[in-house]
Amino acid sequence: MLRMASSFPEEVLEHVFSFIYDDKDRNAISMVCKSWYEIERWCRRRIFVGNCYAVSPPMVIRRFPEVRSVELKGKPHFADFNLVPEGWGGYVYPWIAAMATAYPWLEEIRLKRMVVTDEALELIAKSFKNFKVLVLSSCEGFSTDGLAAIAANCRNLKELDLRESEVDDLSGHWLSHFPDSYTSLVSLNISCLGSEVSFSALERLVGRCPNLRTLRLNRAVPLDRLANILCRAPQLVELGTGTYSAELQPDVFSSLAGAFSGCKELRSLSGFWDAVPGYLPAIYPICPSLTSLNLSYATIRSTDLTKLVSQCQSLQRLWVLDYIEDIGLEALAAFCKDLRELRVFPSEPFAQEPNVSLTEQGLVSVSEGCPKLHSVLYFCRQMTNDALATIARNRPNMTRFRLCIIEPRAPDYITLQPLDDGFGAIVEHCKDLQRLSMAGLLTDRVFEHIGNHAKKLEMLSVAFAGDSDLGLHHVLSGCENLRKLEIRDCPFGDKALLVNAAKLETMRSLWMSSCSVSFGACKLLGQKIPRLNVEVMDERGPPGSRPESCPVEKLYIYRTVAGPRFDMPGFVWTMDEDSALRLS
Amino acid sequence: MELQLGLSLSTTHNPIDGSDINNKEFDPKEILSLKPWSHDYGCLLDKKRSFEDAFGKLKDASQTLPLLLWSGHPNDEDDDKREKKRLSCRLSKIHEEVLEEDDLVVGWPPIKSWRKKMLRQRQGGDRIVKNRVAAAADGKENNGGSNSMYVKVKMEGVAIARKVDLRLFHSYQTLTSSLICMFDKSLQLEKDNANYTLAYQDKDGDWLLAGDVPWQTFIVSVQRLELLKNGG
């Protein structure tokens, strides 16, 4: 086999490798022998860096000189819930600056939870002549000025997707910077922007881009402009409406209904801000062919929601508010047999009492009726072990299960027991479970179940759970495929971490906040394991000014080949060999 | 009339005590509100009769740190205008975040900020004030009703703010005694017997000294509390 491998000319191998896209496969190829490593690195076109601090731009560029597509992720997931203080890091500019010289033919940049500035966007706009795709997911730090630079300069831009980013929205004028000669738009997502773009500029842009497949508008686009936009883009596959509210007027309704009917390729709908039930029938004609529906901004109630989902027999993904109630979920279970993903968000997350009749029963119904359901995010106010066990038995094909019970530490509301056995059933039956987020009253026992059964688990989120270090130890020692672990407000301390220190190098990252890990343990970890960055975040001041036994506020540990980073704000310290000198 | 609180300080105490968590009577609502204090600072800057105006000299100069830190990050160019724009964008974002974070525990339930913002835009900001007024009115008829009235309490120099349920108290004295106990655990580095003054922000956004108005009037209008260090 080795003889054969070395007898193929490089060109042949390169041609063969060009059919391999998956990162894991590419990594495997590169490990076969030195010559394959060399050939592979010169023809790798796409790289994914799950933690931007795990490697440095020069290291990436040195190994992979001909990259066309880059994906980077910055802040830890809990940044979504304001647990990562402002200024922590995740700056993309150093990457853009390095790639501007090294990858002049770069086509695609996808970023998640990174700080992007207008300077970075301007640099992208002028450095990459063939730039095609910009996806900024949950990013922040830039304004519409940066977007104007992209619009004005990227002649070959196909995709501009700002999903869930925080943009300093100075004005909607940036959209008008797309020149009249620009026609290559395929996907545009501006749903996170607040201000109004020029509607005529938008209509003209949509009208002159024949390949436009995805258009997600923002709330500022009124309902009575939607028909005009749709008529200019009947080939649309994915649409996000603007405000879906207006006074009921027959002519507005009929032109809207007509426009929707004309979009024969439409498969995905979102938007529906402030939706009024009166205009929902406008989409009924296309409901049977919809595969994805995001109603999580729509304030419509269970009667209208039930009527709507009952017509969506091809639905694969539904995101909705808990206004759907158990009754709507029963209809979903009855009519949408192709459903794969369900997310139910709370309409009043801070109310003490439930405002809707959505219970564990709704989720049980869907788990019974939808054989392909494998991905769940469910916010509710009560749960039982029985319900969880039923769901587990119904859906052994579950791969992503995230449950949030609004009240922390809520027990099984009937038996008043912890929910250990319920989640135990989930990990026992769902052997392919990759992602789990738990809720309710949980003891160390649930972690024992997880350690014993959740062998394919890659990401675990834990809050207000467990009794002792044993809980954390079960997870770290038992979950062989664990890559990301995020923990908040749990009584986990030093022992489990130190005993399982080697495990941390096999994971992407560990986040622990409001736990009981001492500064001394953090120092020890940082000093003993060089390829880990152990970052301590503490806004009370330098951890060295308090006793070593004092627990740290927040801890973020990640493996890296780039060493400690140098862009940390004043409240973050890296524990490494030098820290003992710097902090004493 | 100033309320002087003489605080005697115990030795180092672990504020996150595992025993709290295992305590069966532990009320989840009393979980510490671990807000980064830079958020509070940004909020104070935006309020009427700003904190600076009311208590400028009492503020610790080091509290200006977060803004300076941000402007030190590598992406900053020499362009002043851009820097000011970014700074104001950050401040307004902080302000928004503080207005939204009326939940009892930071980051809970785990909902993304833009989704929370959208929910609040629908329901209107006055709901929370109305609830508190209603709860206070209940209190006159029904002593110790089941509604809670949580307000944030910050002590100057302590990064971690707390929340306290005003329904549990019936006078300034009981409130201040409880606050002394609550913050005693956090003050690990301060000198003994520092004196503190209790100030509060009313529903018009003004900062006032606690104790001037009758207790019932106070709890209807108080939005948040702060313990200020006296003297130098």
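Residues numbered from 1 in each chain as written. Chains lettered and ligands numbered in written order. Predicted model: local features only at pLDDT ≥ 70, side-chain atom pairs only at ≥ 80, totals over all residues. Heavy atoms only, no water.

**Student:** Lay out the overall build of chain B with the relevant residues and their values.
**Tutor:** Each helix and strand in chain B was counted, giving nine helices and six strands. For chain B, the computed accessible surface area is about 11300 Å², with 51% contributed by carbon and sulfur atoms. (Helix = DSSP H or I, 4+ residues; strand = E, 2+ residues; numbered from the N terminus. Areas by Shrake-Rupley, 256 points an atom, 1.4 Å probe, with all protein chains shown as cover.)

**Student:** Give me the lowdown on the UniProt feature "domain: F-box" (unreviewed entry) in chain A, citing residues and values where you can.
**Tutor:** As recorded in UniProt, the feature "domain: F-box" (unreviewed entry) lies at residues 8–49 of chain A. Helix makes up 62% of residues 8–49 of chain A and strand makes up 10%, while its end C-alpha atoms are separated by 31 Å. (UniProt positions renumbered as here; feature names shortened; annotations may be inferred.)

**Student:** Tell me about the environment of A:Leu433, and please be specific about residues and values.
**Tutor:** Residue and element names in this part refer to chain A. In this structure, Leu433 sits in the loop between helix H16 (420–429) and strand S17 (435–437). It is 9.0 Å that separates the C-alpha atoms of Leu433 and His374, two residues lying 59 residues apart in sequence. Those residues within four positions of Leu433 in sequence are excluded, and the remaining contacts are Met398, Thr399, Arg400, Phe401, Ile426, Val427, Lys456 and Leu457. (Contact = heavy atoms within 4.5 Å.)

**Student:** Describe helix H6 (residues 93–102) of chain A, naming the residues involved and giving the relevant values.
**Tutor:** Residues and elements named next belong to chain A. Trp95, Ile96, Met99 and Ala100 are the residues of H6 that are buried. Taken end-on, H6 shows its buried residues confined to a sector of 135 degrees, consistent with a single buried face. Here the buried face of H6 lies against strand S1 (46–49), helix H5 (57–63), strand S2 (69–73), strand S3 (108–112) and helix H7 (118–127). (Buried < 20%, exposed > 50% of the residue type's maximum accessible area, 1.4 Å probe, protein only. Arc of directions from axis to C-beta.)

**Student:** Could you give an account of helix H14 (residues 360–369) of chain A, naming the residues involved and the relevant values?
**Tutor:** Residue and element names in this part refer to chain A. Of all the 10 residues making up H14, eight are buried; the element is thus mostly covered by neighbouring parts of the structure. Taken as a whole, H14 has its buried residues at Glu360, Gly362, Leu363, Val364, Ser365, Val366, Ser367 and Gly369. Its buried side turned inward, H14 meets helix H13 (325–335), strand S14 (341–345), strand S15 (375–380), helix H15 (385–394) and strand S16 (400–405). Backbone nitrogen of Gln361 and a side-chain oxygen of the N-cap are separated by 3.0 Å at the start of H14; the cap is Thr359. (Polar contact = N/O pair within 3.5 Å; in protein donor to acceptor, adjacent residues only side chain to side chain.)

**Student:** Give a detailed account of the nonpolar core, specifying residues and quantitative values.
**Tutor:** Counting 205 residues, the largest nonpolar core has A:Trp174, A:Tyr244, A:Phe260, A:Leu318, A:Phe401 and A:Ile450 as its most contacted members. Those residues in contact with A:Leu318 that sit more than four places away from it in its chain are A:Leu293, A:Leu295, A:Val309, A:Ile324, A:Leu332, A:Leu339, A:Glu341, A:Leu342 and A:Arg343. If you look at the next biggest cluster of nonpolar residues, it comprises 23 residues, including B:Val158, B:Tyr172, B:Phe218 and B:Ile219. (Core = buried A, V, L, I, M, F, W, Y, C linked by side-chain atoms within 4.5 Å.)

**Student:** Break down the pairing of strand S19 (residues 484–488) of chain A for me, with residues and values.
**Tutor:** All names here are of chain A. Counted residue by residue, S19 has five buried out of five residues, so it is predominantly covered. Where strand S18 (residues 459–463) meets S19, five bridges bridge the pair, whose relative direction is parallel. Looking across to S19, one finds that Ser461 is bridged to Glu486. The parallel pair S18 and S19, bridged by helix H18 (residues 469–478), forms a crossover whose chirality is right-handed. Summarising the sheet, S19 and strand S20 (residues 509–513) pair through five bridges and their orientation is parallel. Following the sheet pairing, Glu486 is matched in S20 by Trp511. (Pairing = 2+ DSSP bridges. Right-handed = clockwise from strand over helix to strand, strands pointing away.)

**Student:** Give me unusual backbone geometry: which residues, what numbers.
**Tutor:** B:Trp108 connects to B:Pro109 through a cis peptide bond whose omega is -10 degrees. Structurally, the position occupied by B:Pro109 is in the loop between helix H5 (80–100) and helix H6 (113–123). Although it is not a glycine, A:Asp274 sits at a positive phi angle of roughly 55 degrees. Among the secondary structure elements, A:Asp274 is positioned in the loop between strand S11 (268–270) and strand S12 (292–295).

**Student:** Got a sec to walk through the confidence of the model for chain B? Specific residues and values, please.
**Tutor:** All names here are of chain B. Per-residue pLDDT for chain B averages 56, and the proportion of residues at 70 or more is 38%. Summarising per-element confidence for chain B, the mean pLDDT is lowest in helix H4 (residues 65–71) (28) and highest in strand S5 (residues 207–209) (87). Low confidence marks residues 1–101, where pLDDT is under 50. Its contacts with residues over four positions away, or in another chain, come to 204 contacts. Under a pLDDT of 50 for its full length, residues 188–192 has, in the predicted model, 12 contacts with residues more than four places off or in other chains. (pLDDT = per-residue confidence, 0-100.)

**Student:** Can you break down the environment of A:Val16 residue by residue, with the values?
**Tutor:** With respect to the helices and strands, the residue A:Val16 is situated in helix H2 (residues 10–17). Spatially, the C-alpha atom of A:Val16 lies 46 Å from that of A:Leu363, the residues being 347 residues apart in sequence.

**Student:** Go over the packing of helix H12 (residues 302–309) of chain A against H13(A), please, and point to the residues and values.
**Tutor:** Two measures define how a pair of helices packs: the angle their axes make with one another and the distance between the axes. Residue and element names in this part refer to chain A. At a closest axis distance of 9 Å, the pairing of H12 and H13 adopts a crossing angle of 5 degrees. Taken together, H12 and H13 sit at an angle that is classed as roughly parallel. Contact residues: H12 offers Ser302, Thr306 and Val309, while H13 offers Glu325, Ile327, Gly328, Ala331, Leu332 and Phe335. Of the residues in the contact of H12 with H13, the class split is five nonpolar, three polar and one charged. (Axes fitted to C-alpha atoms, helices over the stretch in contact; angles between N-to-C directions. Parallel < 35°, antiparallel > 145°, perpendicular 65-115°, else oblique. Nonpolar A, V, L, I, M, F, W, Y, C, P; charged D, E, K, R; others polar.)

**Student:** Tell me about the packing of aromatic side chains, and name the residues and values.
**Tutor:** Residue and element names in this part refer to chain A. Per the stated rule, a full pass over the model turns up 24 aromatic pairs over all chains. Aromatic side chains Phe78 and Phe81 sit 6.1 Å apart centroid to centroid with 55 degrees between the ring planes, which places their arrangement in the tilted category. A relative accessible area of 9% means that Phe81 is categorised as buried. Members of the aromatic cluster, joined through ring pairs, are Tyr53, Phe78, Phe81, Trp88, Trp511, Tyr556 and Tyr558. Note that Arg565 overlies the ring of Tyr53, its terminal NZ or CZ placed 4.4 Å from the centroid. (Phe/Tyr/Trp six-rings, centres within 6.5 Å; stacked < 30°, edge-to-face > 60°. Lys NZ or Arg CZ within 6 Å of the ring centre and 35° of its normal.)

**Student:** Account for a nonpolar patch on the surface, naming residues and giving values.
**Tutor:** There is a patch of nonpolar side chains on the surface, built from A:Phe8, A:Val12 and A:Val16 and spanning about 240 Å² of accessible area. Topologically, A:Phe8 is positioned in the loop between helix H1 (2–7) and H2. (Patch = residues over 30% accessible without salt bridge, like charges linked within 9 Å, V, L, I, M, F, W, Y side chains within 5 Å. Salt bridge = Lys/Arg side-chain N within 4 Å of Asp/Glu carboxyl O.)

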